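Understanding the architecture of this molecule
Below, each chain spelled out in residue letters.
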Amino acid sequence: MDMILKEELKGEKMLVYPGSSETDVFIRYKPLLNGIERVVLAGPKVWTSQEHWNLSPPLLSFEEALPQCDSVLFLETEPKIQETSYESKMREALQAKKTVYLGGSPEFLSRTSIPQNMVTRIGHEIFDYQPAIKEVAPVFEIPVPIIYVLGFGPNTGKFDVQLELRAFFLKNGYSVSQIGSNIISTFFGFPSLPSIFEDPRLSIRQRMVSFNRYVYKKYTEEKPDLMIIGIPGGIFPLNSVMFEEMGEKAFLACQAVRPDIAVLCSYAHPFNQDYINELIQICKYRLNFDLRYFAVSATGISILPDTQESEYTFYSSEIVEKEFLSKKQYNAVGVYNIMQSEDMRAMCDAILSELRNNF
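Each chain has its residues counted from 1, running along the sequence as written. Where local features are concerned, this predicted model is filtered to residues with pLDDT of at least 70; where side-chain atom pairs are given and counted, the filter is 80 or more; whole-chain, interface and lining totals use all residues. In computing side-chain values, all of the structure's heavy atoms are included and hydrogens and water are not.

1. Here we look at the overall build of the protein chain
Strands are runs of DSSP state E lasting at least 2 residues, helices are runs of H or I lasting at least 4, and numbering of each runs from the N terminus. A count of helical and extended segments in the protein chain gives 11 helices and 14 strands. When each of the 359 residues of the protein chain is scored for burial, the buried share is 52%. Contacts: residue pairs with any heavy atoms within 4.5 Å of one another. When contacts within the protein chain are restricted to residue pairs at least 6 apart in sequence, long-range pairs at least 24 apart make up 71% of them. Reported accessibility uses the Shrake-Rupley method at a 1.4 Å probe radius. Residues are deemed covered only where the shown protein chains occlude them. Accessible surface, the protein chain: about 16900 Å² in total, of which carbon and sulfur atoms supply 51%. Residue exposure (1.4 Å probe, protein chains only): buried if accessible area is under 20% of the type maximum, exposed if over 50%, otherwise partly exposed.

So this is what it looks like as structure tokens:
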């Protein structure tokens, strides 16, 4: 059974394997971590160079990093690495008397041969909603502002944006209730999206109602000033061949709880007004929100012609700015560089201004 961290990890030094552009949030948002004193990122030998991910500091090898830490978090990642690498390194960590966490999809968590009592599995919270015979309303309105963070797929910086928003609103004195798109959110003190959308027992309507009730329950328990919700997956297929990102989670979530504000996170590639106009139409008529905040990651994507698999390219913030973001405003849509703190602050300021004017 998947586990959710409930207590602060006071003073713990943690190794994250494999480190990547997405797990770099452990370093860049360290003040938000739930009591962890230090994080070290390690990766396979082919990844252990600063140039591969544009990370600072660069990745260490697993063997270098292990003695420095009390615990090890093994994560399912994109691009994937060999599962035998996880197994051998988990056994090495256990032999060194380290606490071992294992995070990923249910399929990934079930494939390890390590006994369940030897590792803590980090997964999505279970929310088993049982509807009453007669409901007052099919969906409940949430009476505080809802901010969604969505994206085109993995490696689009969605979790970075979620943490930026969290840090900004907490710093400005607002109480924040949050649900993350990534299971590592539990290490930052808030849960990831529950496994509602993956439950084969539920119909589409039941998934929508269940998600609505989950968000409403969280609101009633925490009484926050606002809610920030990260939506996993993409918003549409990336091409006519690859269909793993159909955008079903985004569609269901937006029908169940309409966001007041949404940030759409993108891969790095050239943009123009026609492209933005098409995204505006998709967001309005499929996802039920007005697109005003468009955040660009430092990751480019291409589809390999032979295998039809995704290939990622990792750029510096300066290259993203120079090559792709020559224009920062397309009519009502602001475009922001996720890897530039000035851009993220400007985006957060604009969102706060909009909330103050409308609520």
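2. Quick notes on the packing of aromatic side chains
Two aromatic rings from Phe, Tyr or Trp, using only the six-membered ring of Trp, form a pair when their centres are within 6.5 Å; if the ring planes differ by under 30 degrees the pair is stacked, by over 60 it is edge-to-face, and anything between is tilted. Applying the stated criterion across every chain yields a total of 20 aromatic pairs. With a centroid separation of 6.4 Å and 85 degrees between ring planes, the pair formed by Tyr17 and Tyr86 is classed as edge-to-face. Here the residue Tyr17 occupies a position in strand E1 (residues 12–17), and Tyr86 occupies one in helix H4 (residues 83–95), the gap between them amounting to 69 residues. Neither Tyr17 nor Tyr86 differs from the other in exposure class; each is buried. Between the aromatic rings of Phe159 and Phe188, the centroid separation amounts to 5.7 Å while the plane-to-plane angle is 70 degrees, which identifies the pairing as edge-to-face. Residue Phe159 is located in helix H6 (residues 158–171), and its partner Phe188 is located in the loop between strand E7 (176–179) and helix H7 (204–222); the two are separated by 29 residues in the primary sequence.

3. Brief notes about the pairing of strand E10 (residues 293–296)
Side-chain alternation along E10 places Tyr293 and Ala295 on one buried face and Phe294 and Val296 on a second face that is also buried. Across four bridges, strand E9 (residues 261–266) lies against E10 in parallel orientation. Each residue of the ladder has a partner; that of Leu264, found in E10, is Phe294. At least two bridges found by DSSP between two strands is the condition for calling them paired. As judged from the four bridges shared by E10 and strand E14 (residues 333–337), these two strands associate in the parallel manner. Residue Phe294 lies in a different strand from E14, and its bridge partner there is Val335.

4. What to know about the confidence of the model for the protein chain
What pLDDT expresses is the predictor's confidence in each residue, scored from 0 to 100. Of all residues in the protein chain, 86% attain a pLDDT of 70 or more, and the chain-wide mean is 86. Confidence, read as mean pLDDT per element, is least for helix H2 (residues 50–53) in the protein chain (50) and greatest for strand E8 (residues 226–230) (98).

5. Describing the sheet that holds E8
Strand order in the open sheet made by the seven strands is E7-E8-E6-E9-E10-E14-E13, with mixed pairing throughout. At either end of the open sheet lies a strand with only one pairing partner, and these are E7 and strand E13 (329–330). In the sheet, strand E6 (residues 146–151) pairs with E9 via five bridges, with the strands oriented parallel. Bridge assignment links Ile147 to a residue of E9, and that residue is Ile261. Of the strands in this sheet, E6, E7, E8, E9 and E10 touch H6, which is tilted by about 155 degrees from E6. Contacts from helix H9 (residues 273–285) reach E9, E10, E13 and E14, with the element oriented near 120 degrees to E10. The axes are straight lines fitted to the C-alpha atoms, using for helices just the contacting stretch, and the angles between their N-to-C directions are given from 0 to 180°.

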